[in-house]
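# Coordinates in review
Here is what each chain is made of, one letter per residue.
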Amino acid sequence: MVPVLNKSPHKRIATLDIARIVCIILVVIGHYDPSDAPLCYTNMLKVIYTFHMPVFLFISGYLYINIQKEETFTSFIIKKIKRLAIPYFVTSAIIITIKLLSQGGVRVDHPVTALSYLKMFYLPEAGYFLWFIIALFVMFVVVFFFKTKVARLVLFGLSFIVSFLPSCGIDVFCLRQVQEMMVYFMTGVVIADYVPGLIKIGVVPTIVILLTFIGCEAYYVHHQDSMFMYRLLAYLGIVAIMTLCHNCERYLPLLARSCVVLAPSVYVIYLFHTSIEGFSKSFFEKVPLFDDFTTQAVITIALAVVLPILIHHFVLKRNAVTKFLFGLS
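Residues numbered from 1 in each chain as written. Predicted model: local features only at pLDDT ≥ 70, side-chain atom pairs only at ≥ 80, totals over all residues. Heavy atoms only, no water.

## Some remarks on the packing of aromatic side chains
Threshold: The criterion for an aromatic pair is that two Phe, Tyr or Trp rings (for Trp, the six-membered ring) have centres within 6.5 Å, with stacked assigned to planes under 30 degrees apart, edge-to-face to planes over 60 apart and tilted to the rest. Using a 1.4 Å probe on the protein chains alone, a residue whose accessible area is under 20% of its type maximum counts as buried, one over 50% counts as exposed, and one in between counts as partly exposed.
On inspection of all chains with the given rule, the structure shows 25 aromatic pairs. Taken together, a centroid distance of 6.4 Å and an interplanar angle of 80 degrees make the contact between Tyr32 and Tyr41 edge-to-face. Owing to a relative accessible area of 2%, Tyr32 belongs among the buried residues under this scheme. On the accessibility criterion, Tyr41 (7% relative accessible area) is buried. With a centroid separation of 5.8 Å and 85 degrees between ring planes, the pair formed by Trp131 and Phe132 is classed as edge-to-face. For Phe132, a relative accessible area of 9% puts it in the buried group. By the ring-pair criterion, three or more aromatic residues cluster together here, those being Tyr64, Phe73, Phe76, Phe140, Phe144, Phe145 and Phe185.

## A few points about the side chain of Ser163
Formally: By definition, any uninterrupted DSSP run of H or I lasting at least four residues is a helix, any uninterrupted run of E lasting at least two residues is a strand, and each is numbered from the N terminus. The term polar contact refers here to a pair of N or O atoms within 3.5 Å; inside protein, the definition further demands a hydrogen-donor-capable atom paired with an acceptor-capable atom, and it admits residues adjacent in sequence only when both atoms are side-chain atoms. The contact definition used throughout considers only heavy atoms, calling two residues in contact when any of these lie within 4.5 Å.
Tracing the backbone shows Ser163 in helix α7 (residues 149-164). Reaching out from Ser163, the side chain makes a polar contact with the backbone oxygen of Phe160 at a distance of 2.6 Å. In contact with Ser163, not counting residues within four places along its chain, are Gln179, Glu180, Val183 and Arg231.

## Here's the deal with the pattern of salt bridges
Pairing between side chains of opposite charge can happen when the charged atoms of each approach one another. Stated formally: Definition used for salt bridges: Asp or Glu carboxyl oxygen within 4 Å of a side-chain nitrogen of Lys or Arg.
Within the structure shown, the criterion is met by four salt bridges. Lys79 is paired through a salt bridge with Glu71; the nearest N and O atoms lie 3.2 Å apart.

## Overview of helix α13 (residues 293-314)
Every α-helix winds through 3.6 residues per turn, so residues three or four apart in the chain are directed the same way. The test is simple: Residue count minus one, scaled by 1.5 Å, sets the expected span of a helix.
An ideal rise of 1.5 Å per residue puts 32 Å on 22 residues; α13 measures up with 31 Å between its terminal C-alpha atoms. Buried residues of α13: Phe293, Gln296, Ala297, Thr300, Ile301, Ala304, Val305, Pro308, Ile309, His312 and His313, and no others. In this structure, the buried residues of α13 make contact with α1 (14-30), α2 (39-48), α11 (253-262) and α12 (266-286).

## As for unusual backbone geometry
Excluding glycine, residues mostly have negative phi values, and the peptide bonds linking residues are mostly trans. With a phi angle near 55 degrees, Phe173 is a residue other than glycine that sits in the positive phi range. By secondary structure assignment, the location of Phe173 is in the loop between α7 and α8 (175-194). Since its relative accessible area comes to 41%, Phe173 is described here as partly exposed. Look at Cys174: it is not a glycine, yet its phi comes out positive at around 55 degrees. Secondary-structure assignment places Cys174 in the loop between α7 and α8.

Such coordinate-based values are descriptive only and should not be taken to indicate function.
Here you go:
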């Protein structure tokens, strides 16, 4: 049964929750990239990177419209600070501290200095993966001032044009990523504004969508360096993921319900997964318990998904302070 859209933030949309779970698993896989990875794995990462963040941004834009309400800018920005900024700063401070304490004894990806505590206020200093949170915050601030459907459609058009312009090269507040990625956020906004039922994707047969997506990805892996193909794959990925997740909701209700339960942990997984992967990689370097790539990859990725879920459910959300610090209240 297709979920009915509701302006209440408490009304979950199963298709989007399933998509969020799929995407966060792809993010975790994408950030596990050891130097000894086989070619088939690195090719899989190339495929993942063409669409997983565009899908996340599409979902964020769609949900922005689905749960928006009339409020002042002050009220809106306070909510975003609580949900995005405070967890970002807390996580950044933890990661930077851990790196400073450990980088002398173990290999640390992206080493930091004491100055990183200052830089984290305008750069994803603790880890590049945090660009998404900074960029998403900026996107929310921008879209807030476009109050009507027509205005947001204009913003979508502008973001589409800007995404094809030469990179602004500005890393402060991740403006370079905003330039490249805001078009996908605004796609979700415009779809929610004008054709919200489109996430059901029932017009084109699923097999046609998937075969088209797979064929284009295969071409990209071997030819790359095509901006047109990269943009095409981002949108094909959005359509393919939405199609698969809607079919999952319709035909695999138990799996769909499980995803709805786990979806609130997605943000915690995003914040913690790289640290867990780092500890796991360091462990396997010092203790070659499983001396093959596949076993190490499966264990590392599984831990980076499962441990944050357990931390969320059994630690963070059970304490008022941790709920506040990690945007759960």
